[in-house]
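Here is what each chain is made of, one letter per residue.
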There are 2 protein chains.
Amino acid sequence: MIVNLTSTTRTVATPVVPSRGALRPLGLDDVRITGGVWARRQAINGRATLAHIEYWMEHESWLGNFDAAAAGTVAEHRAGREFSDSEVYKLLEAMAWEVGRSDDAEVDARLTTLVARIAAAQEPDGYLNTQFGRPGQRARYSDLEWGHELYCFGHLFQAAVARLRTRPDATDGLVQIARLAADHVCAAFGSGGLQRVGGHPEIEPALAELGRATGEARYVEQAALFVARRGTGTLADIELGRSYYQDDMPVRDATVLRGHAVRANYLAAGAVDVAIETDDSELLAALTTQWENTIAHRTYITGGQGAHHSGESFGDDWELPPDRAYSETCASVGSIMFSWRLLLAQGLPRYADLIERTLYNVVATSPSHEGTAFFYTNTLHQRQPGTTPATDVSVPRATSSLRAPWFAVSCCPPNVARTFASLAAYVATVDDTGLQIHQYVPSQIRTHLPDGRALELDVETDYPADGRIRVIVRTSHAEPWTLSLRVPAWATGATLTPPGDLPTPAAPGTVRVTSAFTAGDVVELWVPVGPRVVAADPRIDAVRGCVAVERGPEVMCLESIDLAGAGAGRDADVGHVHLASRDSVREVDGQVVARFEVDAPPADDWPYGASGAVPDVDRPTTTVVEAPLIAYHDWANRGPSTMRVWLPST
Amino acid sequence: MIVNLTSTTRTVATPVVPSRGALRPLGLDDVRITGGVWARRQAINGRATLAHIEYWMEHESWLGNFDAAAAGTVAEHRAGREFSDSEVYKLLEAMAWEVGRSDDAEVDARLTTLVARIAAAQEPDGYLNTQFGRPGQRARYSDLEWGHELYCFGHLFQAAVARLRTRPDATDGLVQIARLAADHVCAAFGSGGLQRVGGHPEIEPALAELGRATGEARYVEQAALFVARRGTGTLADIELGRSYYQDDMPVRDATVLRGHAVRANYLAAGAVDVAIETDDSELLAALTTQWENTIAHRTYITGGQGAHHSGESFGDDWELPPDRAYSETCASVGSIMFSWRLLLAQGLPRYADLIERTLYNVVATSPSHEGTAFFYTNTLHQRQPGTTPATDVSVPRATSSLRAPWFAVSCCPPNVARTFASLAAYVATVDDTGLQIHQYVPSQIRTHLPDGRALELDVETDYPADGRIRVIVRTSHAEPWTLSLRVPAWATGATLTPPGDLPTPAAPGTVRVTSAFTAGDVVELWVPVGPRVVAADPRIDAVRGCVAVERGPEVMCLESIDLAGAGAGRDADVGHVHLASRDSVREVDGQVVARFEVDAPPADDWPYGASGAVPDVDRPTTTVVEAPLIAYHDWANRGPSTMRVWLPST
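Because the structure is predicted, anything quoted here is derived from the model rather than measured. (Residues numbered from 1 in each chain as written. Chains lettered and ligands numbered in written order. Predicted model: local features only at pLDDT ≥ 70, side-chain atom pairs only at ≥ 80, totals over all residues. Heavy atoms only, no water.)

Asks: Talk me through helix α11 (residues 281–297) of chain A; I want residue IDs and the actual numbers.
Replies: Three or four residues apart is the spacing at which side chains of an α-helix point the same way, because the helix has 3.6 residues per turn. All names here are of chain A. Taking 1.5 Å as the rise per residue, α11 with 17 residues should run 24 Å; its terminal C-alpha atoms sit 24 Å apart, in good agreement. Within α11, burial applies to Leu-283, Leu-284, Ala-286, Leu-287, Thr-288, Gln-290, Trp-291, Thr-294, Ile-295, Ala-296 and His-297. Close packing links the buried residues of α11 with α9 (217–229), α10 (261–277), α12 (329–346) and α13 (349–363). (Helix = DSSP H or I, 4+ residues; strand = E, 2+ residues; numbered from the N terminus. Expected span 1.5 Å × (residues − 1). Buried < 20%, exposed > 50% of the residue type's maximum accessible area, 1.4 Å probe, protein only. Contact = heavy atoms within 4.5 Å.)

Put into C-alpha cells, the structure is as follows:
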C-alpha cells in the first residue's frame, strides 16, 4: 500500500481534499453563497438549527454524558442510544463549518465550550466513548456489531477536519483530541491489533480525511485496512444478514449498494478515498459500477435511497415503493459524500446531477422552513394526514407524518446542519484548464487556478425559479482558460451564450468556454426549468400507471391541502384523484398546476373484482379540479396533509 | 360481566365451541375429509410435518429447555427465543388434533412423552415458562412487552383444549397442567392481581376456550379482563408504537385491525369469544366493523394480511405492496380464527369466503409439497430467484426466496400443522333449521341436528379442479330440514340442482334447499371455476396497471421457470414481461395459460425520463410467448424462480 499525501492541498476549507483526481475542490473562503434558496437555508441553519440541536442534546443529556464520564458517574446515568456521542460530534462539525462560512463568533465560542466538555471525558490512551469501557460498562470493542464506537470516532474526526481546515489556529483542542483518538484506533485496529471492523462504517472516510488534513499517512492506511477487512465476515451473521453492514462481500467484489443505506454510502465514500490515496484503480472501478447500478435501479426520483423500513436498507433492483420509501435523510447525505468524491476523481457531470437532485429533494426536504423540525425518512406518498407532533417531545424515528423537533435516534438533524453549513464546497472546482461550476447559486468565487492565476467570478441567477444563469468574470488574464458549466441531464434545449456571442445549443453534460476572459465578460447559460412530465421505467412496479412532475431540479408533489383549496371536496385526499391528462400540467404565473379528476368512492367490501367492474376500468368521474403542485421539499409545512409525488395517470 | 357456559356444547371435537351463536360447530368425528387436496395435505401433515417439527424442536433444544428447567440448569443453557415454549405447545395441539382425526397411536404416544417432559418443568404454583423466574433468570412478568409468558400460556391452553375435546380420557396430564397454569394466571392477573396484559395476545382466545372446554367461567372472565385492559396503555410506548401490540386504544373503540398482524388477529378472535360469552353486542359490532374494514382495505388478494416487514404489521389502508407483502403465515392462521368465530356468531357466508381464500392461498402456500419446508412470509412478487436453502440449517424468518426447513422464529410450521390437522372443523355447521356446508371437499358428514335427528351426508367433488359439488343424503326423515350451501362471492353464474329438479341460478351468498330428504337424494351445486381476470381498486397503488388471475378459489401466478419453458429467453424474468391482452388468459386442458410480451431491456442509467421516451409508453416488443399460470400455493416447488401474482397489463 502506497500512501503519498500531497501536502499542498491540505489547507482547503472543504470536507474532502484528495491528493489527486480530475478536479480540485475549492474552500468555503473561495466560494461565498450570496443569495437565493441556498443562502436562506444556510442563514436559517446558522441562526436557528444549530441552537435547536444544541438545546436538544443538552435536554436529552447527550452532552451531559460527557460530563458524567469525566465525573466517573456515566455508567449509572448514561442517556440516549449507543451512538449519541456521534450526534454531538456532527454538531461540532456543523459549527466548525458555520464558523468558517460566517465567521460567527458566538458559534465559535459555543463550539469551544463543547469541546472542553468532551476533552474532559477522553481517556489517557485516547479512547473516547461514553458508553463503553468504564467500570460498570461493557468492555471496549465488545460489541463491534452494534456498539458504534468506531462510528463515533469517525464523526469526531470529521469534526476535527472541519475545525482544522477552517480555523487552523484554534486553541480549543478538538484536533488534538481527534489525533489522540486516531492514534489509539491505529494501535487497537492496526495490523497488530484487532482484525475487525465496526458495524457502522464512517470511520473509513473520516480517517482518510484526517490523514489528508494532518499529513498522517498512518490514518489513511488504517482506513484502507478497514475497507479491505469489510466483507470478510468479521461481524456476526445477524437476522438482517451481513449485507446489512456490508460485511457480506469485499467492497471490490460488490456491483451495487445494498444493506443499510447510510452504512453503504459512508463505506463507499471512504472506499473512494482509499482508492484515490492508494492509487487502486480496480477498487475505484468497482465503486463506479456500484454507483451506476445503484442510480439506475435503486434510487428514488428524489435522489433518495433506501426502500425498506426494515433494516433502513436498499431493496432489490426496481423495488422503490413511494409510500414505503424510507429514503433516510442521512442516506442522502451519504450519497452526496459518495458522489462528490467520484466527481472529484472523474469530473463527470452525472455526479453533480445527482448531488443537485438529492440536495433539492431530500436534504432540503428534511428541515422545516424554520429549521427546527425534521423528517428522518422522506416518503414520496403520505396516505394519512397524521397529527402535528408536539414541539417538546422526542419521537420515534420513522413516523412519516409531519416533521418532528427531535428523535430518539437523531442522526439526521446534525447531518443536515453540517451539510448546509458546508454547501459552498460543492459549487465549483478547478483543474489545470480552468474552473468548473457544478451547482448554480448566486455566489462570489474568488480563487486561484493551479498555476497561480487569480480568478474572480460572480454568479447571478434566480435558479431554479428561473433558468438564466450569468457568470460574470471579474479578472483579466492574457492566457486563455476554460470555464466549464454543467448542463443538467434533464435540460433538453439549453443554450450557452459566450461573451459577446449568440446563444448556441448546449447539450446535457458539460459545456465549455475557453477564452482569455477580460473583466466584465459574461457567460450565460440558459436551461429550460419549466414543468416536465416524467415516467418511470416499467420495472419500477410500484409507480406503474403514474407520472411525476419535475420543474428544473425540483420534484413536484400534490398535497391534499391544495386539492381542498381547489374544491375537490370529499376529504380532498390525494388517494382519491387521478391526473386528468398529462397535457394539463402547465405553469401559470410561476406556479405549476394540473387538472385532476376525483375518483368515485371505493366499494366498502372486497376490493378485488372482475376486470371491468372496478373503478380502475370503469371510473365514473364526479369532479374535475385544477390544483397547484408544489416543490416536494416544501410539503408538510402547512399542517397535516396527504401527499403524493407519483400521480396516477391511467 | 355475566358468563354462562352451556355445558352441553363442551365435548365437540373442534377448536371453538361458543355457548351461543347463529351456527354450531361440528367436530372432527362429525366430519371426515375423505379425499381431494385437503386430504392430501392432512396426510402429509400427519406423516411428515409433525415428525419434522418434533425433530427440529429437539435439534434446537426447545424441548430440552423443559428438561433443563426440571433439572435446574435452564438459566445457563436455555436455547431459542423467548417464545420457543409456545412452539412446543402448538406442536402438542397439532398432535392432539391429529390423534382425533386419524387415531394415530404413534402420534398419541409421542404426544404423551412430550407432555411428561413439560409437566416436569411446571412449578408448584402452576407457573410454567423456561425463560423466566428461576435463579439466574429474569423475574416472572418483568417484561410483559416482550417476554411472551402469557402468550406461551395461551398456546398451552389451546393444546389442552384440543386434547380434552379429542381424548377426554387421556391420562397424559396435559389438561391438568393447563388448568393449574390457568388458575395461576387468574390469581396473578385477576382483579386483585397485576392489572396488565401481555405484549402478544393469544391467551385471550385460549382462556375463553379453556373455560368453555372445562366449564370454568373464571377462565372466560379472565379473558374478558385481558380484553378490557388492552388499549389502556399498560404496555410501554415502544418505537413501533403501542399500536404494534394493539395497546393504542380499547378494542371496542377500534375500527380496523392495525399493528402486528398476528397479534391483531389473535386478539380479535379472543375478543369475539369474550363478546359472545358476556353477551356484549357492542363489542361484537366493533369487531365486525374491524373485520369489514380490514378486508376492504388491508388484505391481499390471497387473503394474506400484514403489509410491513417492519413490525410484521398492517400498513395504512390501501397499502398492499405485492413485492414487500409480509403476509405472515401465522397472520392468516389468526385471520381464520377471527373469521371462523364471526361465522359461528353471525352465519354470514363472507366469513367462509375469506377462510377459503386464506386456506388455499396462504396456509396451503406455506409448506412445501413434502411438508418439510415452509414460507414464513408469503410475498406476492419474488424479484430474485434466490438460492435453495440448506435442509439442515435454521434461517432468519423473512428471507422471501424458497421455503426453509426451519426458522430461528418458527411460529409458522406448527401453526400450519395444527390448522391442517383440524381442517375438518371448518367444513360444516348445524343450526335449528338444518346443516350448512361452508367448504367443499370430499367428505362424510355423520352428525345430529340440535333436535337430535341423525344426519348423514356425503360430499363428492373434484373441487376446486372442477366446479361440480354433489351432496348425497344418506338418511331419511319425515320432517323437512334445510341444507344450506355457500356460493362463493366470485361464482357468478353458479347453479343449484335440488333432488329431482332442474338447475336454477344460484347467486353468490347462501342457497338453501328445504326438504324432507330421503336417502339417496342428491343436491348438486355447480360453480364456474374457470379462470377470471381480476383488477384491484385503484387506491391499491402498488398494483395499478396490473391484473391478477384467479381460478375457483385459487389465486394464480406466473413463475419464471414457466416463462423459460415457453421460450421467453433473456433471463426469463417475470420482471421483464407484460400481459399481451386480458383476453389471452384461457384454460387449455385444465391448465390456465396467458400470452406475454417480453419487454425491451432497461436503460442502464437514470430510470426516470420524459414521458414518451421510456418503455412504459413506447415499448418495443421483441417476443411473445404463451406461458402457463400455476396456483400460487404451488410456486417455488421447482427450484429458484422469480414469480408474480399481479401481471402488468398496460
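Still more to cover.
Asks: Mind laying out the packing of aromatic side chains, listing which residues take part and the relevant values?
Replies: A full pass over the atoms with the stated rule returns 44 aromatic pairs over all chains. On the numbers, 4.5 Å between centres and 70° between planes, the contact of Trp291(A) with Tyr351(A) is edge-to-face. Remark: Tyr351(A) occurs in helix α13 and Trp291(A) occurs in helix α11; sequence separation between them is 60 residues. Owing to a relative accessible area of 0%, Tyr351(A) belongs among the buried residues under this scheme. With a centroid separation of 6.2 Å and 50° between ring planes, the pair formed by Trp146(B) and Tyr245(B) is classed as tilted. Taken together, the positions of Trp146(B) in the loop between α5 (105–119) and α6 (149–166) and Tyr245(B) in the loop between α9 (217–229) and α10 (261–277) put the pair 99 residues apart, joining distant regions of the chain. Residue class for Trp146(B) comes out partly exposed when judged on its relative accessible area of 32%. Three or more aromatic residues link up through ring pairs in this structure, and these residues are Tyr127(A), Tyr141(A), Phe153(A), Phe157(A), Phe189(A) and Phe226(A). (Phe/Tyr/Trp six-rings, centres within 6.5 Å; stacked < 30°, edge-to-face > 60°.)

Asks: How would you summarise the pattern of salt bridges if you had to cite specific residues and measurements?
Replies: Within this structure, the stated rule accounts for 108 salt bridges over all chains. The closest approach of N and O atoms between Asp541(B) and Arg383(A), which form a salt bridge, is 3.0 Å. On the criterion of chain membership, the pair formed by Asp541(B) in the loop between β16 (531–536) and β17 (546–551) and Arg383(A) in the loop between β3 (381–382) and β4 (394–395) is interchain, its members lying in two chains. Its relative accessible area of 10% is what places Arg383(A) among the buried residues. Each of the salt bridges in this network shares a partner with another, and the network as a whole consists of Arg165(A), Glu209(A), Arg212(A), Asp273(A), Glu277(A) and Arg341(A). (Salt bridge = Lys/Arg side-chain N within 4 Å of Asp/Glu carboxyl O.)

Asks: Residue-level account of the interface of chain B and chain A, with values.
Replies: Between chain B and chain A, the residue contacts involve 65 residues of the former and 65 residues of the latter. When chain B packs against chain A, the two sides together hide about 5,200 Å² of surface, and 52% of this comes from carbon and sulfur. Where Asp541(B) meets Arg644(A), a salt bridge forms, and the shortest distance between an N and an O atom there is 2.7 Å. Linking chain B to chain A there are 18 residue pairs in polar contact (both at pLDDT 80 or more). (Buried area = accessible area lost by both parts, 1.4 Å probe. Polar contact = N/O pair within 3.5 Å; in protein donor to acceptor, adjacent residues only side chain to side chain.)

Taken by themselves, the reported measurements are silent on function.
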